[in-house]
Structures are given as structure tokens and as C-alpha cells.
There are 2 protein chains.
Amino acid sequence: MKIKIRKIDYLPARQVTFSKRRRGIFKKAGELSILCESEVAVIIFSQTGKLFDFSSSSTKDVIARYNSHVGGEKSDQPTLHQLQLEKENNIRLSKELEDKSCKLRQMKGVDLEDLDLDELQKLEKLVEASLGRVIQTKEEKITSDVMALEKKGAELIEANNQLSQKMVMLPGGDSGPEAILNNIGEESVTSESATNVTTFSNSSLSLEDDCSDTLSLKLGLP
Amino acid sequence: MKIKIRKIDYLPARQVTFSKRRRGIFKKAGELSILCESEVAVIIFSQTGKLFDFSSSSTKDVIARYNSHVGGEKSDQPTLHQLQLEKENNIRLSKELEDKSCKLRQMKGVDLEDLDLDELQKLEKLVEASLGRVIQTKEEKITSDVMALEKKGAELIEANNQLSQKMVMLPGGDSGPEAILNNIGEESVTSESATNVTTFSNSSLSLEDDCSDTLSLKLGLP
DNA sequence: CTCCCTATCTTTAGCCG
DNA sequence: TCGGCTAAAGATAGGGA
């Protein structure tokens, strides 16, 4: 062996050797591909990061063929196909979102300029029916809340009475606690005082839709 | 030149040459990578489609580096990154869509079970206000429609009158057309007859939301 | 970085097992 | 398919332009 296979320290010599041997390999690769009708690709990065490549056909083709042989799963094609699916999904979702936003705005009674009379009347019926359901739900809620409070109150009174009975049996007990707790129970659970509260509380429940924030989507353009 | 660089016809000889030269190239590639501290990959497909590859490090790494140098756009990495972005976009859109659907359902007065009293009251106010705007818009629409009809009717009457005048100036003209058109105009454009039509037309304007159709999205799982 | 030259060194075609 | 052999062909280190 004339030279040892180890890093050539002297930079100019290394550069020259790199150039010569690189071309030698490319030549051999080309010869092999012709002599044996095979597909060959050689990829070389110099120490400085520069790329040199040789291929009997196309380096990209050979790499693609390599990817389909090795691994076989995580090649380009499925990824590209998936990307396509995701983009279509995005477009579909965006459209649905815009549609929903539009309907929501109409339900809130804004942007009605483009509706004709018939549509407006249908919308009115719809909102009217909705209002009815909301009021009904609210009143059911109030009723059940009140009933729950009454039940709780009754339980408290009962507990109070039992405590009072125990009190009077103890030495030094007076009637104070009984009276106080009974008063609390009787006043706060009366059922008529809370059913007509529909006119306060006027903020917006965070239902401000405004449609304008979500429609400027960049749908995957690089 | 002892041998010409052309396909070796005799199969056994070709196979032997393929094997020998292949190993020769791999050896040279390894020597180059050591001598010049470079990154080398060699990919060879035999005539029978079998893959042989050599690399100073990892063929996949070298290919990845190659992809990032060449083309730069249609390599794997950006595609994967884009895919990630698309998926995130999809998730975000799905969430927004679900949110909108939920709000829309509430506006329509369904699925109110989870709202508390305060929220119900706010919702009621909101729907009430919406109803007011819808009714107002509808009435404005009716008014403008009616005015448009009146204007049209007036124009028709005017046109009719002019025609009638020309008619009487012609030989054989009688007063028939004038009377007919005047009657049409007077009857159909009277403004009181159309302002209270709010109680017909009760279908749903295709606002059936139902939220259940759009939430079973497959978000890119293979 | 490329090309040339030349004396080595390395690869390999052809053949054998 | 593989390895060994050998002579010939080919590649390349070193030096110079």
C-alpha cells in the first residue's frame, strides 16, 4: 500500500485527491451501469458541504426507487396524498364554518339585507319559536330551582326543629336559635318572588359571532 | 483498452463483473469519505432489481441531505411540516365549528339543559333582541316592497293614461283598456293589505343545525 | 479548480476451483 | 454465488503549469 487510508491533512492535496477520486468513482459508476445494465447513483458531499452527484439515469429517480425498496412506508407518495386529503378537509371545514357563521349571524338578526321577504318571515318564525323554547326552559329551570330551594328550606326547618327539641331538653337552653332559623327558612323560599326576573341581565353570553375572524384562513399555501 | 464499456452479454460474466465492480466502487467510496472527510452514498440496483447501497454514514441521512440541497422545495421535510400545519388547522377548524354549532343550537333554543339560570336569561334577551331586529327588517322590507309596487303601479297607470289618450285620438277607439288597467293598479298596490302577514310560512329556512354530522371527522389518521 | 505527466498502486477480466 | 490467481488495464499521488 502506497498511501494509508486516513484523512489527508494537507488541504490542497486533499482537495486534489477529492476531485480526482470523485471523478474516478463517477466513471466507475457509469461503467458499472453500462456493463451490467444496472441503475446507479452516487451522492457525495465535500467537506465544505458542496454536493456532487452522479447517476446512470436520474438521482431523484434512483432515490425514489430506493425509498420504495427501503422502508416502503414513509415514502413521499402517501405523505403527499395525505397532505391533499388534509387540504380538502380544511377547505370543507372552512366552508362549513362560514355557513354556520352566516346562519348564526342571521339568527342574531344581523346581516339580513340579502334575505327576501319569504326568508325573513321564516326566520322570524324560527326565532320566535326559539324564544318560546328559551323562555320555557328558563321557567322550568326557575321552577326546579325554586323547588330545590323549598326542599332545602324545609329540610333546614325540620333540622332546626329537631335541634330545638334537643335544646329544650338540655339544661340552660332557651328558644333563640329556633326562632331565627325558622324566619330564615320562611322568607327565602317563598315561591312567588322569583318567577318574573326576565327583564334584567342584558349582556351577550359571549355569542358575538362576527364571522370575520375565522375566514381569512391560509389553506396550506407555502 | 482491454474491454469496451458496453453491456456484457454473457450472463455469468456479467454477474461476476457486477459483483466485483460493485465492491470496488463501495471500497473507493469508503476511501474517499475517509481521505477527504466527505459524506458519500452509493445506491445500486442490479439488473434483477436487487438493491445494494453503501454510505459513509447512513444512506437515508445522505439522501435527506441531498433532498435539502437539491430542489429544496419538494423534499420530505417541508411536506411533513406542512402536513403538521394542515392537521393543526383541521383541529382548530373542527373546534371552531363545534363551538359555532353549539351556539347556533342554543340560539335555536335546543340543548339548553346545561345552561344555568343566568345564562338562560342572557340568551333570552339575545333572542328577544334578535327577534326585534328580524321583525324590524321584515317590516322595512315589506314597506320598501310595497313602495316599489306602488311606484310601479303608478307608472303603469300613467302609461295607461297616456295610451288611453292616444287611443281616443285614433279612429274606432273606445274606453275599455283604460278602465281595466286602472282597476288593476288601484287594487294591488294599496298599502294596508300586506303588512300583517307574519303568521304564515312556518318551515325552517334550512337552519337545521344538528351538529352531529360534522363532528365525526377523521383528522388524518392513516 | 483543471489538466498534464509519470511512476507506482489498485482494480479487474478471464479463468480455475 | 464466491474466492483466488495473474496479467493487463485503469486509477491516482505527486509535481508542475
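Residues numbered from 1 in each chain as written. Chains lettered and ligands numbered in written order. Predicted model: local features only at pLDDT ≥ 70, side-chain atom pairs only at ≥ 80, totals over all residues. Heavy atoms only, no water.

Asker: So what's going on with the overall build of chain A? Which residues, and what values?
Answerer: For chain A, the helix and strand inventory stands at five helices and two strands. Reading the secondary structure of chain A in the N-to-C direction produces α-β-β-α-α-α-α. Within the span of chain A, comprising 222 residues, buried residues form 35% of the whole. Sequence separation of 24 or more characterises 41% of the internal contacts of chain A that already satisfy a separation of 6 or more. For chain A, the exposed surface amounts to about 13600 Å²; the carbon and sulfur share of it is 55%. (Helix = DSSP H or I, 4+ residues; strand = E, 2+ residues; numbered from the N terminus. Buried < 20%, exposed > 50% of the residue type's maximum accessible area, 1.4 Å probe, protein only. Contact = heavy atoms within 4.5 Å. Areas by Shrake-Rupley, 256 points an atom, 1.4 Å probe, with all protein chains shown as cover.)

Asker: Please provide a residue-by-residue account of the relation of the copies chain B and chain A, values included.
Answerer: Once chain B is rotated about the relating axis by 178° and shifted along it by 0.3 Å, it coincides with chain A to within an RMSD of 1.6 Å. Between the two chains, the operation in question is that of a two-fold axis. When the interface residues of chain B are mapped onto chain A, 98% of them again fall at the interface, so both copies present the same face. (Least-squares fit on C-alpha atoms with pLDDT ≥ 70 in both.)

Asker: I'd love a proper account of helix α4 (residues 117-169) of chain A, names of residues and values included.
Answerer: Because an α-helix completes one turn every 3.6 residues, residues spaced three or four positions apart along the sequence face the same direction. The terminal C-alpha atoms of α4 of chain A lie 77 Å apart, and with 53 residues this matches the ideal 78 Å at 1.5 Å per residue to within 8%. Of the residues that open α4 of chain A, the one with a side-chain oxygen 3.2 Å from the backbone nitrogen of Asp118 of chain A is Asp116 of chain A. (Expected span 1.5 Å × (residues − 1). Polar contact = N/O pair within 3.5 Å; in protein donor to acceptor, adjacent residues only side chain to side chain.)

Asker: Describe a nonpolar patch on the surface, naming the residues involved and giving the relevant values.
Answerer: Taken together, the side chains of Met167, Val168, Met169 and Leu170 of chain A make up a nonpolar region of the molecular surface, amounting to roughly 430 Å² of accessible area. Relative to the elements of secondary structure, Leu170 of chain A occurs in the loop between α4 and α5 (176-188). (Patch = residues over 30% accessible without salt bridge, like charges linked within 9 Å, V, L, I, M, F, W, Y side chains within 5 Å. Salt bridge = Lys/Arg side-chain N within 4 Å of Asp/Glu carboxyl O.)

Asker: Give a detailed account of the sheet that holds strand β2 (residues 51-55) of chain A, specifying residues and quantitative values.
Answerer: Taken together, the four strands give an open sheet; going across it, the order is β2(A)-β1(A)-β1(B)-β2(B), and neighbouring strands pair in antiparallel fashion. The two strands at the open ends of the sheet, each matched to only one other strand, are β2 of chain A together with β2 (51-55) of chain B. Neighbour-to-neighbour, the strand axes of this sheet turn through a mean angle of 5°, independent of strand direction. Alignment of strand β1 (residues 39-45) of chain A against strand β1 (residues 39-45) of chain B, held across seven bridges, turns out to be antiparallel. Bridge pairing in β1 of chain B links Ile43 of chain A to Ala41 of chain B. Along the sheet face, helix α1 (residues 11-35) of chain A touches β1 and β2 of chain A together with β1 of chain B and points at about 165° away from the line of β1 of chain A. (Pairing = 2+ DSSP bridges. Axes fitted to C-alpha atoms, helices over the stretch in contact; angles between N-to-C directions.)

Asker: Account for the interface of chain B and chain A, naming residues and giving values.
Answerer: If you look at the interface, chain B gives 110 residues, while chain A gives 108 residues. Taking both partners together, chain B and chain A bury about 10300 Å²; carbon and sulfur atoms supply 67% of that area. For the chain B face of the interface with chain A, the top three residues by lost area are Leu35, Phe45 and Tyr66 of chain B, together amounting to 8%. Scanning the region where chain B abuts chain A turns up six salt bridges. (Buried area = accessible area lost by both parts, 1.4 Å probe.)

Asker: Would you mind going over the packing of aromatic side chains in detail, with residue names and values included?
Answerer: Here a ring pair, both rings aromatic, is described through the centre-centre distance and the interplanar angle of the planes. Residue and element names in this part refer to chain A. Here the structure, examined in full by the defined rule, presents four aromatic pairs over all chains. Between Phe18 and Phe52, the aromatic rings sit 5.6 Å apart at their centres with planes inclined by 70°, giving edge-to-face as the arrangement. Here Phe52 lies in strand β2 and Phe18 lies in helix α1, a separation of 34 residues in the sequence. Taken individually, Phe18 and Phe52 each receive the classification buried, so the pair is uniform in this respect. Above the ring of Phe52, the side-chain terminus of Arg22 is found at 3.7 Å from the ring centroid. (Phe/Tyr/Trp six-rings, centres within 6.5 Å; stacked < 30°, edge-to-face > 60°. Lys NZ or Arg CZ within 6 Å of the ring centre and 35° of its normal.)

These values are about where atoms sit, not about what they do.
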